[in-house]
Amino acid sequence: MYKFPVGVIIDSFRLPIKDAVKKAAEVGAKGIQVYSTRGEMAPENMDAAKRREFLELVKDNGLVISALCGDLGGGGFTKPDMNPAKIEKSKRILDLAKDLETDVVTTHIGAVPTDPNHDRYKIMQEACFELSRYADSIGAHFAIETGPETSANLKKFLDSLGSTGVGVNLDPANLVMVTGDDPAKAVYNLKDYIVHTHAKDGKQNFYVDPDIIYGMVESHIVTANSFIEVPLGEGSVNWDEYLAALEDIGYKGFLTIEREVGDNPERDIRKAVDFLNGKMGV
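Residues numbered from 1 in each chain as written. Predicted model: local features only at pLDDT ≥ 70, side-chain atom pairs only at ≥ 80, totals over all residues. Heavy atoms only, no water.

Okay, the layout of surface pockets next. In this structure, the largest pocket occupies an estimated 310 Å³ of space. As for the largest pocket, its lining consists of 17 residues, of which Asn174, Lys200, Tyr214, Phe227 and Glu260 are closest to the centre. By residue number, the principal contributor to the lining of the largest pocket is helix 6 (residues 172-179), which donates 3 residues. The residue makeup of the lining of the largest pocket, split by class, is 8 nonpolar, 3 polar and 6 charged. (1 Å grid on protein atoms, 1.4 Å probe; cavity = no way out; pocket = protein on both sides within 12 Å on 5 of 7 lines; lining within 4 Å. Points joined across faces, edges and corners; volume = space filled by probe spheres on them. Helix = DSSP H or I, 4+ residues; strand = E, 2+ residues; numbered from the N terminus. Nonpolar A, V, L, I, M, F, W, Y, C, P; charged D, E, K, R; others polar.)

Attention now goes to the nonpolar core. Membership of the largest hydrophobic core comes to 76 residues, with the highest contact counts inside it found for Ile10, Ile32 and Phe54. Among the elements that line this core, the one with the most residues is helix 4 (residues 119-138), at 6 residues. Excluding anything up to four places from it in sequence, isoleucine 10 contacts Ile17, Ala20, Val21, Ala24, Ile32, Gln33 and Val34. (Core = buried A, V, L, I, M, F, W, Y, C linked by side-chain atoms within 4.5 Å. Buried < 20%, exposed > 50% of the residue type's maximum accessible area, 1.4 Å probe, protein only. Contact = heavy atoms within 4.5 Å.)

This paragraph deals with the side chain of serine 132. Mapped onto the elements, serine 132 comes out in helix 4. Overall, serine 132 belongs to the buried group, its relative accessible area being 0%. There is a polar contact of 2.9 Å between the side chain of serine 132 and the side chain of arginine 133. In contact with serine 132, other than residues within four places in its own chain, are Ser163, Gly165 and Val166. (Polar contact = N/O pair within 3.5 Å; in protein donor to acceptor, adjacent residues only side chain to side chain.)

This part takes up the packing of aromatic side chains. What the rule picks out here adds up to 4 aromatic pairs. Between tryptophan 239 and tyrosine 242, the ring centres sit 5.6 Å apart and the planes meet at 85°, which makes this aromatic pair edge-to-face. Taken together, the positions of tryptophan 239 and tyrosine 242, both in helix 9 (residues 239-248) and 3 residues apart, correspond to about one turn of that helix. Using a relative accessible area of 3% as the deciding quantity, one classes tryptophan 239 as buried. Overall, tyrosine 242 belongs to the buried group, its relative accessible area being 0%. Plain terms: the ring middles of tryptophan 239 and phenylalanine 275 are 6.0 Å apart, the flat faces sit at 80° to each other, and that makes the pair edge-to-face. You can see tryptophan 239 sitting in helix 9 and its partner phenylalanine 275 sitting in helix 10 (residues 265-279), a full 36 residues away along the chain. (Phe/Tyr/Trp six-rings, centres within 6.5 Å; stacked < 30°, edge-to-face > 60°.)

What follows deals with helix 2 (residues 48-60). Here helix 2 spans 18 Å end to end across 13 residues, near enough to the 18 Å set by a 1.5 Å rise per residue. Restricting attention to buried positions, one finds in helix 2 the residues Arg51, Phe54, Leu55, Leu57 and Val58. In an axial view of helix 2, the angular spread of the buried residues amounts to 155°, which keeps them on one side of the axis. Residues Arg52, Glu56 and Asp60 are exposed on helix 2 and point more than 90 degrees away from its buried face. (Expected span 1.5 Å × (residues − 1). Arc of directions from axis to C-beta.)

One closed barrel accounts for 8 strands, arranged 1-2-3-4-5-6-7-10; its pairing is parallel. This sheet shows a mean twist of 30° between the axes of neighbouring strands, independent of strand direction. Strand direction decides the pairing type here: strand 2 (residues 31-35) and strand 3 (residues 64-69), joined by 5 bridges, are parallel. Residue glutamine 33 lies in a different strand from strand 3, and its bridge partner there is alanine 67. Against the sheet, helix 2 makes contact with strand 2 and strand 3, and its axis sits at roughly 130° relative to strand 3, the strand it touches most. (Pairing = 2+ DSSP bridges. Axes fitted to C-alpha atoms, helices over the stretch in contact; angles between N-to-C directions.)

Close contact between helix 1 (residues 17-26) and helix 2 brings their axes to 9 Å; oriented N to C, the two are set at 25°. What the angle tells us is that helix 1 and helix 2 run roughly parallel. Considering only the axes of helix 1 and helix 2, their crossing is right-handed. Counted together, Ile17, Lys18 and Val21 of helix 1 and Glu53, Phe54, Leu57 and Val58 of helix 2 form the full contact between these two elements. Tallied by class, the residues present in the contact of helix 1 with helix 2 amount to 5 nonpolar, no polar and 2 charged. (Parallel < 35°, antiparallel > 145°, perpendicular 65-115°, else oblique. Left-handed = near helix turned anticlockwise from the far one by under 90°.)

Moving on to empty space enclosed by the protein. Evaluated as defined, the whole model comprises 1 cavity of 30 Å³ or more. As a volume, the largest cavity reaches approximately 50 Å³. Surrounding the largest cavity, Ala199, Lys200, Asp201, Glu229, Val230, Pro231, Leu232, Ile257, Glu258, Arg259, Asp268 and Ala272 form its lining. Of the residues assigned to the lining of the largest cavity, the class counts are 6 nonpolar, no polar and 6 charged.

Shown next as structure tokens:
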């Protein structure tokens, strides 16, 4: 039977930070992930004293930090004029992560083109190369969240960097909702790079080019109904196959619950914790 620690993105509770940390412990999570791109948890707003205070709060509630979320939006790292500032901000978020005793910052980088000669491919490659070298230098990882491209295409991109400083945050729901990719097969494709996972579920209603969904190209196509996020166990992710694949490759990290929609996130998160614990015989 597979055994993975269960975490939760505390922003999913839609509560003040301190209340959300306490709620994570209350629902039975062992770790937390928190957005650190803006507001009180952004690196520029977290001096040394605040970093110690937050880490103490987390530990006092019996938790650890599985990762920080460093998604800066705006197309990821696809716009060369914006990349220098985004790269610098990402490095500061990774410094914050290390101070908070985690080695992982998750992020979206944009949709990786299938053609390595595409201009966007090269722009993303240059940004990720710099990020990977910085992460390597401090013993950490920027983890690309799966979704905008197939796992096979993402692996080719990562292989081109020659580093594991940029790794993978495997989100099985994004795969089934957007590309229609098989999460279990994705685990095997990306096994050398997976450092964190999101526990989320969903369904694809109809296929739309990921470049359109992720805003890489302009389009009049309405994408809002092309997929739907649903509570864990109610979507298209085959959890038995997916968890077995993670076990098979020797993954030791967190299954971090993410609930981005719904009118009662606490209820859905509690259900997700129970669902995962049930799968693991806890």
